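Each chain, letter by letter, is given below.
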Amino acid sequence: MPSGRTRQFDVDEALDRALEVFWARGYEGATLPELTRAMGINRPSLYAAFGNKEQLFRKALDRYQTGPMSFLTEALRKPTARAVVEAIFSGFVRMQHNRDKARGCLVVSGALACGQEAETVRRELAQLRQAIVTALRERFERAVRDGDLPAATDCATLARYVATVLNGLAVQSASGATEKELRRVATLATHAWPSREKGSGVFDDS
């Protein structure tokens, strides 16, 4: 017989439950007792399967990016820049649907109000937010080359604008905004979209 004790829980299910706790409470707000209770395991089992709290958070964050936040990667494949942005906003709003415990965005709020001991997590989430801005800027630059956006479009500012709206939607959702209210904001945000016929408006780099 193999030595050691057989793991008596589903690792993927336990990780999903940990993600819900981090999503709802943030990194620092999620305590180990709360995590182990939600995951249905004891502390030694958590350490054995996932490592310490920071390692568990990183695993949950990876699951968040490939699961609930996967709409972002899919949106970047849309044929036009405007379709990309509309898909990002609608994907985020759909992600909030019927979520009673965990609303908003883990990447936005997961470690915004953390102490010094969580500084590495805070920096990692800041890097992820910047990576989203960079991915948007590169997609918009391609749109300019393709003639989908006006040549004078300030792609860096446009990317920052979209990310700012997305972050704002996350904060509003976490504060209790309804799906209908979020959709209205997202629709209003696209009204400032650069027009090929009229120039790029507020996103003109002149």
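See above for the structure.
Owing to the predicted nature of the structure, the values given are computational and were not obtained by experimental measurement. (Residues numbered from 1 in each chain as written. Predicted model: local features only at pLDDT ≥ 70, side-chain atom pairs only at ≥ 80, totals over all residues. Heavy atoms only, no water.)

**A few points about the side chain of Thr190**
When you line up the elements, Thr190 lands in the segment after helix H10 (179-189). Given a relative accessible area of 10%, Thr190 falls into the buried group. Those residues within four positions of Thr190 in sequence are excluded, and the remaining contacts are Arg82, Glu86 and Phe89. (Helix = DSSP H or I, 4+ residues; strand = E, 2+ residues; numbered from the N terminus. Buried < 20%, exposed > 50% of the residue type's maximum accessible area, 1.4 Å probe, protein only. Contact = heavy atoms within 4.5 Å.)

**Some remarks on the pattern of salt bridges**
Pairs may arise between side chains of opposite charge once their charged atoms sit close together. Summed over all chains, the structure comprises 12 salt bridges. Its salt-bridge partner being Glu34, residue Arg25 comes within 3.2 Å of it at the nearest N-O pair. With a closest N to O distance of 2.5 Å, Glu119 and Arg122 form a salt bridge. Residue Glu119 and its partner Arg122 are located together in helix H8 (residues 119-146), separated by three residues, close to a single helical turn. Owing to a relative accessible area of 18%, Glu119 belongs among the buried residues under this scheme. Classification of Arg122 by relative accessible area gives partly exposed; the value is 30%. Here the residues in one salt-bridge network are Asp12, Asp16 and Arg63, joined through shared partners. (Salt bridge = Lys/Arg side-chain N within 4 Å of Asp/Glu carboxyl O.)

**Comments concerning the packing of aromatic side chains**
Throughout the structure, instances matching the rule amount to five aromatic pairs. Their ring planes at 85° and their centres at 5.0 Å tell us that Phe22 and Phe57 sit as a pair that is edge-to-face. Here Phe57 lies in helix H4 (residues 53-66) and Phe22 lies in helix H1 (residues 11-29), a separation of 35 residues in the sequence. By relative accessible area, which is 0% here, Phe22 ends up buried. In this structure Phe57 comes out as buried when scored by relative accessible area, which is 2%. Between Tyr27 and Phe57, the aromatic rings sit 5.1 Å apart at their centres with planes inclined by 70°, giving edge-to-face as the arrangement. Taken together, the residues Tyr27 in helix H1 and Phe57 in helix H4 connect sequence positions 30 residues apart. Since its relative accessible area comes to 8%, Tyr27 is described here as buried. Counting every residue linked through ring pairs, the aromatic cluster contains Phe22, Tyr27 and Phe57. The positively charged end of Lys53 is found above the aromatic ring belonging to Tyr27, 4.7 Å away from the centroid. (Phe/Tyr/Trp six-rings, centres within 6.5 Å; stacked < 30°, edge-to-face > 60°. Lys NZ or Arg CZ within 6 Å of the ring centre and 35° of its normal.)

By themselves, these figures tell us nothing about what the structure is for.
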